[in-house]
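# Chain and residue survey
Okay, here's what each chain looks like letter by letter:
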Amino acid sequence: MTAGAFWQEEVVYQIYPRSFMDSNGDGIGDLRGIISKLDYLKELGVGIVWLSPVYKSPNDDNGYDISDYRSIMDEFGTMEDWEELLHGLHERGIKLIMDLVVNHSSDEHAWFEESRKSKDNPYRDYYIWRPAGENGGEPNNWLSFFGGSAWQYDEATNEYYLHLFTKKQPDLNWENPKLRREVYDMMNFWLDKGIDGFRMDVINCISKADGLPSAPGGERYAWGGDFFLCGPRLEEYLKEMNEQTLSRYNAMSVGEMPGVPTDLAAVYTDPANRAVNMVFHFETMDIDSGEGGKWNLKPWKLADLKAVTGKWQYALNGKGWNSLYLNNHDQPRMVSRFGDDTVYRKQSAKLLATFLHTLQGTPYIYQGEELGMTNVRFESIDDYRDVELLNFYREAVGERGVPHEQAMASIYAKGRDNARTPMQWNAGPQGGFTTGEPWIGVNPNYTEINAQEALGDPDSIFHYYKRLIALRKKHPIMIYGDYTLLAEEHEQLYAYTRQLGEEKWLVLLNFSGQQIEAGAGLPFEEGAELIISNYGDAAARLDASAELLALRPYEALVYRLA
Ligand code: NOJ
């Protein structure tokens, strides 16, 4: 860990451009829309913006299918707009990281259009082509992340290509040094323009196991993750990429890595290894999934949140670095999932914010999180847009006969469109997002939950985030302090200390809608001083003579002990 790097000390804000702000009334968020909101980001105090993809794309997966890595998507604006955005951010002291989507491209990328033409095309080897398997069907039994086979037959050459996501997202062949060179040159193209780093989309999928073996079990389609997650050459590729690009610019990197175990994450994020600065793991996102994946709902338990968080806090301490998030454009809204989006919406959103900003690592805020935006419940499946969600519905209801209501319950809880409804700027038409028809409906609660309301209320979730971010700048213990879990068995209370040198903080979080008593085993010290709390009237000093401390629903308290 290199103490003092900007990517450790700043808070990151993720923008999903399609849903952030529309400047021209076409119902789609765009770059000029983002430019018009830069002062809002400055006011919040974030130091880094992560921009989800803005490159040319047919939008099968909203920009995660790129047809030209070096130009801007028409709906979002022009390269000049993008330059102005970068400049506007830098002027305000905010860095910009771009999304790097290089496990796959779009099937409309010129490379793929060439590649599919003939077996001896110079671009053939930019992708992963195989003849039919033994039984005449797909080359192996891998399932795609979005359901169905991960292989698509292509008539022109009578072979199949691999796509771990949709069939419009063919996987790039990282075994090919020419492809790798193209990727590094493209990264340097953006770094030369002055960006500050990359968020790397499913970057731990780029190295596939030799021979692409079928997943065991003999099923027609099966999860083949063992053969493409953190594969044999991943570390080598990450290091090569770092050496050829990032390290030459002092740029930051965060790798999205489904299924990454802590020991490998510690290797990848160890500064001595020069691979990536941090990873997004998915273990927290899995605590409410049953057998068979995310759509199979299971109530989450605080014990699991403690176990996963602690595992990562301890495993990377002094070795690598953690990224801290509870939602993004692929996940439901955190207040609906881990808090209470009705009676205690404000309290629980602040509690979750306190949690994220008092762990060791770099916090990531997803647009609208700072307003306590919630999940949405559209009545009709026709109002949904996300390819993963629609595939699930078609497959569950259409093929497996799952009742509509049951499928919708999964979609309400887990669908990615929960995160993709437009940013709620004010109580005016379409929440101030667009003067036109938005590409996806606005959450009807925009009349109460919106930025204008939040900015005007000193007690709002927004202002609480602002305080947390400002505190983190002032107190290195929030960034670097060691984490120690307390009261492990408590079913509603999440308590831990952070320690840096002689300084020690106590964090108490009531993850329930009931009043609870905290006591046994907690280090109450006379005179401990309140740093922040989400109820206005918390005791400014801890009373050490009291054996028990009552915490109100979703109350969060942070005290400095020593
Ligand atoms: C992860 C991205 O975050 C998600 O939105 C996308 O669908 C897949 N990777 C494929 O690029």
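Note that the structure is predicted; figures quoted are calculated from it, not measured.

We now examine the sheet that holds strand E17 (residues 493–500). Overall, antiparallel pairing links the five strands, which are arranged E16-E17-E18-E22-E20 in an open sheet. Two strands lie at the open edges of the sheet, namely strand E16 (482–486) and strand E20 (529–533), each paired on one side alone. Going from strand to strand, the sheet's axes swing by 20° on average, the running direction of each strand aside. Pairing of E16 with E17, which is carried by five bridges, proceeds in the antiparallel orientation. Residue Thr484 lies in a different strand from E17, and its bridge partner there is Thr497. Packed on one face of the sheet, helix H11 (residues 345–357) meets E17, strand E18 (503–510) and strand E22 (556–560) and runs near 150° to E18.

Between side chains of opposite charge, a pair can form when the charged atoms approach closely. Scanning the model with the defined rule gives 40 salt bridges in all. A salt bridge links Lys239 to Glu235, with the shortest nitrogen-to-oxygen separation between them at 2.9 Å. Note that Lys239 and Glu235 are positioned in helix H7 (residues 234–244) at a spacing of four residues, about one turn of the helix. Of the residues examined, Lys239 reaches a relative accessible area of 32% and is grouped as partly exposed.

This part is about the packing of aromatic side chains. Under the defined criterion, the tally for this structure stands at 39 aromatic pairs. Between Trp300 and Phe338 the ring centres are 5.3 Å apart and the planes differ by 75°, which places this aromatic pair in the edge-to-face class. Here Phe338 lies in helix H10 (residues 334–338) and Trp300 lies in the loop between strand E13 (293–297) and helix H9 (302–316), a separation of 38 residues in the sequence. Taking the relative accessible area as the measure of exposure, Phe338 reaches 1% and is therefore buried. Taking NZ or CZ as reference, Lys95 lies 4.8 Å from the ring centre of Phe6, over its face. Between the NZ or CZ atom of Arg124 and the centre of the ring of Trp129, over which it lies, the distance is 3.9 Å.

An ideal rise of 1.5 Å per residue puts 20 Å on 14 residues; helix H15 (residues 461–474) measures up with 20 Å between its terminal C-alpha atoms. Within H15, burial applies to Ile461, Phe462, His463, Tyr464, Tyr465, Leu468, Ile469, Leu471 and Arg472.

Moving on, we come to the state of the cysteines. A complete count under the given rule lists zero disulfides for this structure. We note that Cys205 lacks a disulfide partner, and the nearest cysteine sulfur, in Cys230, lies 8.4 Å from it. Residue Cys205 is classed as buried on the basis of its relative accessible area, which comes to 0%. The exposure class assigned to Cys230 is buried, which follows from its relative accessible area of 16%.

To continue, consider the packing of helix H12 (residues 387–399) against helix H13 (residues 404–414). Running from N to C, H12 and H13 cross one another at 155°; their axes reach a closest spacing of 10 Å. As far as their axial angle goes, H13 and H12 are roughly antiparallel. Once H12 is placed against H13, the crossing between them reads as right-handed. Across from Leu389, Phe392, Tyr393 and Val397 in H12, the residues of H13 making contact are His404, Ala407, Met408, Ser410 and Ile411. Taken together, the residues of the contact of H12 with H13 break down into seven nonpolar, two polar and no charged.

Any two packed helices are characterised by how steeply their axes cross, that is the angle between the axes, and by the distance between the axes. Contact pair H11 / H15: the axes reach a minimum separation of 10 Å and the direction vectors enclose 15°. The orientation of H11 with respect to H15, classified from their angle, is roughly parallel. The element H11 and its partner H15 pack so that their crossing is right-handed. Here Arg345, Lys346, Ala349, Lys350, Ala353, Thr354 and His357 of H11 lie close against H15, whose contacting residues are Ile461, Tyr464, Tyr465, Leu468, Ile469 and Arg472.

Conventions and cut-offs
- Residues numbered from 1 in each chain as written.
- Predicted model: local features only at pLDDT ≥ 70, side-chain atom pairs only at ≥ 80, totals over all residues.
- Heavy atoms only, no water.
- Pairing = 2+ DSSP bridges.
- Helix = DSSP H or I, 4+ residues; strand = E, 2+ residues; numbered from the N terminus.
- Axes fitted to C-alpha atoms, helices over the stretch in contact; angles between N-to-C directions.
- Contact = heavy atoms within 4.5 Å.
- Salt bridge = Lys/Arg side-chain N within 4 Å of Asp/Glu carboxyl O.
- Buried < 20%, exposed > 50% of the residue type's maximum accessible area, 1.4 Å probe, protein only.
- Phe/Tyr/Trp six-rings, centres within 6.5 Å; stacked < 30°, edge-to-face > 60°.
- Lys NZ or Arg CZ within 6 Å of the ring centre and 35° of its normal.
- Expected span 1.5 Å × (residues − 1).
- Disulfide = S-S within 2.5 Å.
- Parallel < 35°, antiparallel > 145°, perpendicular 65-115°, else oblique.
- Left-handed = near helix turned anticlockwise from the far one by under 90°.
- Nonpolar A, V, L, I, M, F, W, Y, C, P; charged D, E, K, R; others polar.

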